[in-house]
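# Descriptive analysis of the structure
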Amino acid sequence: MTDSSIRVRFSPAPTGYLHVGSARSALFNWMYAQRTGGTMILRIEDTDADRSQPELIEAIHDNLGWLGITWDEEYRQSDRFDQYRAAAQDFLDRGLAYRCDCSQDDVKARAEARGDQGGYDGHCRDRNVEAGEGVVVRFRTPDDGITAYDDLIRGHVEFDNATLEDFVIVRSSGVPLFHVANAYDDLDMGITHVVRGEDLVNTVPRVLLLRQAMLGPDQQDTPNPVFAHLPLIVNEQRKKLSKRRDDVSVGDYADKGYLPGAMRNYLLTLGGGPRDGGEEIRPIDELVAQFDLNDINAAPAFFDIKKLDHFNAEYIRALPLDDFVAAATPFLDHPDVGDIDADLFGRMAGFVQERVRRLDESPTFLDWVVGDAREPSEKDWKKVMGNSEEKLATTARVLDLVIERIADCPWEPEALEAIVFGVGEELETKTQMPVRMALTGARSGIPLFEPMVELEREVVIQRLRDARAKL
RNA sequence: GCCCCCAUCGUUCAGUGGCCUAGGACACCUGCCUUUCACGCAGGCAACACGGGUUCGAAUCCCGUUGGGGGUGCCA
């Protein structure tokens, strides 16, 4: 299904860092372009001068790049205000729009007086308001009829034109608003498929009406773009993910040590699994090959960090060791653990890779090697060292023997293992756990003997003695 | 209030009239492997929101109810 005439766009407003919901929209557009051989456009919708932050555009580039999302063309709406204004002027000239000098308070007061929460009442439709201070341009919406469209994900959707108020297309500052800019650009850029979040469904009739009005007499058969509104990604409260409430900036995930491939793969499972019924965790090209906008689920999906973590762990384990080390290197300085020596980490990396779920927790597996043993909980301590006289006595003998025998043995993993296990056989008990607890302060962790030789012999003996004394 | 959308295990995806005594994955629980943990393996728990139709037959089609979400800006 290669169709190079397909043109899709991701159009973020640079009003905050890219969050996972937007990233998902970008991803689905990109997937569709990849699948069809179409063109991917990045369009920065920065018509709101008050909220747009130009410096965020670079961050959006970075985040998209991190996810492996590429684009073929890029535009900024702030470069195109003249064109939108010309379109609005044309509407004015043709009587499709009119000027309005109602203040927002007036509009609201009249709506309340009418007893509904609805918006503008068409007060200025025939007042012939002159351009000037505090004057906006409103688009005259039809009083009757319906505006309908077919959504690839939601099916046929209809809106009663009577429910559409005359909305503002040019601010009193002279700057055009979202709807015109959007309609104009989609037409001008030849966008064939509009793939975005469900929160934009309600703007479709307005944009379609505008688009229709922009078409000249000889362009009446220009098709509308095909729409596909993606289900929202929600939090545990089933509310739309918001930058304010939820910790969802793509950059934060990168900083926490999520691999872009894992994030991308996980995002793709939300709203639709693999068509062929195969594994969820797949190489991106396999996912692209079977990508179809028609297959996307219409119901909102919860962003499940636990499942993302699982994907991430799988992706981490699948990395060649060198790649894992390279990926983990930026995370070696951990707030609780301190800075881990790169060579040491290199030696221990294989053990860490098998266990870590997020790259940023890599150093925590080595905390006892670069620093002191952890302070174990009393519960863990008793569970391992014993909570009966008899068990405690056995543990004491184990530690005594190990301390004695490692005093002058070769400082190698094999030798240490032989001693610890040898004591176990003599005493007919398992010896790894008490030694592990004494050395690390934890009940679980990476294999014991290899990291053990990274410590000084005196340090090991001291920790064993401390534990012995504490029994 | 008004407009739009949604509704299968805790979560997510599969299921598009009979193959469903509803399947996979994550999570959770049990066991095996392993002198730790993790991985792996074998099991287990667990869902068609409700009520009406249509049909020989409905998770699948229709209507309603309930519940949830989105929108309702001189934001996008």
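Just above, that's the structure.
Quick summary incoming for the structure in this document. Note that the structure is predicted; figures quoted are calculated from it, not measured.

Conventions we followed
- Residues numbered from 1 in each chain as written.
- Chains lettered and ligands numbered in written order.
- Predicted model: local features only at pLDDT ≥ 70, side-chain atom pairs only at ≥ 80, totals over all residues.
- Heavy atoms only, no water.
- Helix = DSSP H or I, 4+ residues; strand = E, 2+ residues; numbered from the N terminus.
- Rg over C-alpha atoms; globule rule 2.2 N^0.38 Å.
- Contact = heavy atoms within 4.5 Å.
- Areas by Shrake-Rupley, 256 points an atom, 1.4 Å probe, with all protein chains shown as cover.
- Phe/Tyr/Trp six-rings, centres within 6.5 Å; stacked < 30°, edge-to-face > 60°.
- Buried < 20%, exposed > 50% of the residue type's maximum accessible area, 1.4 Å probe, protein only.
- Lys NZ or Arg CZ within 6 Å of the ring centre and 35° of its normal.
- Axes fitted to C-alpha atoms, helices over the stretch in contact; angles between N-to-C directions.
- Nonpolar A, V, L, I, M, F, W, Y, C, P; charged D, E, K, R; others polar.
- Salt bridge = Lys/Arg side-chain N within 4 Å of Asp/Glu carboxyl O.

Regarding its fold elements, chain A presents 19 helices and 14 strands. By the compact-globule yardstick of 23 Å for 471 residues, chain A is too spread out, its C-alpha radius of gyration being 32 Å. In terms of overall dimensions, chain A has C-alpha extents of about 100 × 50 × 35 Å along its principal axes. The long-range fraction of contacts in chain A, counting pairs at least 24 apart against all pairs at least 6 apart in sequence, stands at 76%. Only carbon and sulfur atoms are counted for the fraction: they give 46% of the accessible area of chain A, which is about 22900 Å².

Within the structure shown, the criterion is met by twelve aromatic pairs. Ring centres of Y266 and F303 lie 5.5 Å apart, and the angle between their planes is 75°; this geometry places the pair in the edge-to-face category. Of this pair, Y266 sits in helix α8 (residues 260-269) while F303 sits in the loop between β12 (301-302) and α10 (305-317); the two residues are 37 residues apart in sequence, bridging distant segments of the chain. Assigned by exposure class, Y266 and F303 land together as buried. Where F421 meets F449, the ring centres are 5.7 Å apart and the plane angle is 90°; that geometry is what we call edge-to-face. Of the two residues, F421 is situated in helix α16 (residues 413-427) and F449 in helix α18 (residues 449-452); the sequence distance between them amounts to 28 residues. Grouping aromatic residues by their ring pairs yields a cluster made of Y253, Y258, Y266, F303 and F311. The lysine or arginine in question, R24, covers the ring of F28, its NZ or CZ lying 5.3 Å from the ring centre. We note K470 situated over the ring of W381; from NZ or CZ to the ring centre the distance is 3.9 Å.

A separate point is the packing of helix α14 (residues 378-385) against helix α17 (residues 432-440). α17 packs onto α14 with a crossing angle of 145° between their chain directions and a minimal axis gap of 9 Å. In this structure, α14 contributes D380, W381, V384 and M385 to the contact, and α17 contributes M433, P434, M437 and A438. For the contact of α14 with α17, the class distribution of residues is seven nonpolar, no polar and one charged.

Attention now goes to the pattern of salt bridges. The full count for this structure, using the stated rule, is 30 salt bridges. Between R110 and D121 there is a salt bridge, and its shortest N-O distance comes to 2.7 Å. Remark: D121 occurs in the loop between α4 (104-114) and β5 (136-139) and R110 occurs in helix α4; sequence separation between them is eleven residues. Of the residues examined, R110 reaches a relative accessible area of 23% and is grouped as partly exposed. For R154, the salt bridge identified is with E198, shortest N-O distance 3.7 Å. On the criterion of sequence distance, the pair formed by R154 in the loop between β6 (146-151) and β7 (155-160) and E198 in the loop between β9 (193-197) and α6 (204-214) is long-range, its members being 44 residues apart. Residue classification places R154 among the partly exposed residues on the basis of a relative accessible area of 24%. Bridged by salt links that share partners, the residues R9, R43, E45, R80, D185, D186 and D188 form one connected network.

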